[in-house]
Amino acid sequence: MTPNFRTQTGPSAKSQYKLKMESRGESQAWKRKAEKMFADGEPPLDLWHDRSQALIDNDIIPARLRGVNQHHVSTVQVEMHALVGDKILGAALMEVLVNSGLCVDTGQVTKFYSNVSSNAVFLRYLHDILPARIMEDQINGNMEAHSAGTTIEAAVYKVNGYAGGPQAVEQLAKWLVYKVVFQGTQSGEISNPKGLLLENYGDVDSKRIEGTPDHAPEFIATARWPRENCPAWRPDEPQRVTQAKGTSKKNAEASAALVMLKQYEHEIINAPPMQPKEKLELKMENAVGHLYTLGGICESTTEIKDGDGPPLHVAVMRFGQQTASAQATTKKHAMRLAAQQLLEAAGEYDH
């Protein structure tokens, strides 16, 4: 079954609701829980700052950020510290998010965790977390987010080994949740604007601005809603278009998407949501990807030639202990048909 891409339907109601919650700061029930959790205001960082004062720059700062007069220690060693520190801080963040009662399901935990543990967040708050280690002029220069993440995660690894270190890391985790999840959500901050725009049938692309130097390139990104040939696409109506510039493709695209979501939020949220029939058709169109997500695999594909006619392709797909085979004129179509059989048998297409 092939979906009708000219059907006049908007994004899924779930995607529209997600945009509404992110741009308007979650539900009132969530806000009440968050305000109760942080009734005393911003959590302190005194214990973390006290323990992190004992850190040695060579153990936490990548070599490219150190002064020329500092003893060289391989960045590889710092990266190894950061690798372990990432897991330690990640576990502490998860503990705060799960035990706070702010998350109603694993999806919300994952969303908030992704927001708070990003290198972009670490770069934003690096001077607050390690004020004596990285000067503000270094941060405001052209410091990479990855370097900020490496520095903080390596610091977590070292501090966690000190007396009172685990409690200091826990304090840091709670402070980060307050700054990113509580304050960010209250202000309607959209953490992943490009992803949210794509989820709501938009698209965004970017290109380098001609003439910008290699050492300071600039990019311009263009966001559109709805994207062409999606279920919400109407050739007789103009697309909404926004643009933004940035020092990288990623930054430019995120900025253009954010402008789109803010400027045209009302239209996107109020577009007629996708109907059950169209949702089923799109799900069937993406049967192979859906099966892979559930743990299914493609066991084999075979090309069969019969005389002078076009070849046929046979695909065998597996889901658990069940297998299904189908043939078609293309390998992709054969895989899709076989995957649809397995998903239908598993009840994935039941209304």
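Residues numbered from 1 in each chain as written. Predicted model: local features only at pLDDT ≥ 70, side-chain atom pairs only at ≥ 80, totals over all residues. Heavy atoms only, no water.

Draft legend 1. View of the overall build of the protein chain. Assigned secondary structure in the protein chain consists of 17 helices and six strands. Counting all 351 residues of the protein chain, 42% fall into the buried class. For the protein chain, restricting intrachain contacts to residue pairs at least 6 apart in sequence, the fraction spanning at least 24 positions comes to 63%. When the accessible area of the protein chain is evaluated, it comes to approximately 18,900 Å², of which 51% is carbon and sulfur surface. (Helix = DSSP H or I, 4+ residues; strand = E, 2+ residues; numbered from the N terminus. Buried < 20%, exposed > 50% of the residue type's maximum accessible area, 1.4 Å probe, protein only. Contact = heavy atoms within 4.5 Å. Areas by Shrake-Rupley, 256 points an atom, 1.4 Å probe, with all protein chains shown as cover.)

Draft legend 2. Main features of the sheet that holds strand β5 (residues 312-319). What the three strands build is an open sheet, ordered β4-β5-β6; its pairing is antiparallel. Pairing within the sheet leaves two strands with one partner each, and these edge strands are β4 (297-304) and β6 (322-328). In this sheet, neighbouring strand axes are inclined to one another by 15 degrees on average, regardless of whether the strands run parallel or antiparallel. Pairing geometry for β4 and β5, over seven bridges, is antiparallel. Bridging across to β5, Thr302 finds its partner in Val314. Docked against the sheet, helix α17 (residues 331-345) engages β4, β5 and β6, running at close to 145 degrees with respect to β6. (Pairing = 2+ DSSP bridges. Axes fitted to C-alpha atoms, helices over the stretch in contact; angles between N-to-C directions.)

Draft legend 3. The arrangement of the pairing of strand β2 (residues 219-225) in detail. For β2, a buried count of five out of seven residues is recorded, marking the element as mostly surrounded by other parts of the structure. Of the strand pairs in this sheet, strand β1 (residues 203-208) and β2 are connected by six bridges, and their pairing is antiparallel. Pairing of Asp205 across the sheet is with Thr222, part of β2. Here seven bridges tie β2 to strand β3 (residues 240-246), and the two strands are oriented antiparallel to one another.

Draft legend 4. Structural view of the pairing of β5. Where β5 meets β6, seven bridges bridge the pair, whose relative direction is antiparallel. Bridge pairing links Ala315 to Ala326 in β6. Remark: two residues form the turn of the hairpin made by β5 and β6, two consecutive strands paired antiparallel; Gly320 in that turn has positive phi of roughly 65 degrees.

Draft legend 5. Quick look at the packing of helix α5 (residues 75-100) against helix α10 (residues 145-160). α10 packs onto α5 with a crossing angle of 75 degrees between their chain directions and a minimal axis gap of 6 Å. On the basis of the axis angle, α5 is roughly perpendicular to α10. Along its contact with α5, which presents Val78, Glu79, His81, Ala82, Val84, Gly85, Asp86, Ile88 and Leu89, the element α10 presents His146, Thr150, Glu153, Ala154, Val156, Tyr157, Lys158 and Asn160. (Parallel < 35°, antiparallel > 145°, perpendicular 65-115°, else oblique.)

Draft legend 6. The nonpolar core, seen in detail. Ranked by internal contacts, the top residues of the largest apolar core, which has 44 residues, are Trp48, Leu89, Leu93, Ile129, Leu130, Leu172 and Leu176. Where this core is concerned, the elements lending two or more residues are α5, α6 (106-116), α7 (119-124), α8 (126-129), α10 and α11 (165-186). When residues in this core are grouped by element, the largest group, 11 residues, is from α11. In this structure, Leu172 is in contact with Leu45, Trp48, Leu89, Ile129 and Val156, ignoring residues within four places of it in sequence. Grouped together as the second largest cluster of nonpolar side chains are 19 residues, Leu196, Tyr201, Trp225 and Ala252 included. (Core = buried A, V, L, I, M, F, W, Y, C linked by side-chain atoms within 4.5 Å.)

Draft legend 7. Region of the structure containing the pattern of salt bridges. If you walk through the whole model with that rule in mind, you get nine salt bridges. The closest approach of N and O atoms between Asp50 and Arg51, which form a salt bridge, is 2.2 Å. (Salt bridge = Lys/Arg side-chain N within 4 Å of Asp/Glu carboxyl O.)

Draft legend 8. Representation of unusual backbone geometry. With an omega of -10 degrees, the peptide bond running from Trp225 to Pro226 counts as cis. Tracing the sequence through the fold places Pro226 in the loop between β2 and β3. Of note, the phi angle at Tyr201 is positive, near 70 degrees, even though the residue is not glycine. Assignment of secondary structure puts Tyr201 in the loop between α12 (193-199) and β1. By relative accessible area, which is 8% here, Tyr201 ends up buried.

Draft legend 9. Fine view of empty space enclosed by the protein. Enumeration according to the criterion identifies one cavity of 30 Å³ or more in this entry. Within this model, the largest cavity holds a volume of roughly 30 Å³. Lining the largest cavity we find Asp86, Leu89, Gly90, Leu93, Tyr113, Ser117, Phe122 and Glu153. When residues in the lining of the largest cavity are grouped by element, the largest group, four residues, is from α5. Across the lining of the largest cavity, the residue classes tally to four nonpolar, two polar and two charged. (1 Å grid on protein atoms, 1.4 Å probe; cavity = no way out; pocket = protein on both sides within 12 Å on 5 of 7 lines; lining within 4 Å. Points joined across faces, edges and corners; volume = space filled by probe spheres on them. Nonpolar A, V, L, I, M, F, W, Y, C, P; charged D, E, K, R; others polar.)

In short, shape yes, function no, at least from these values alone.
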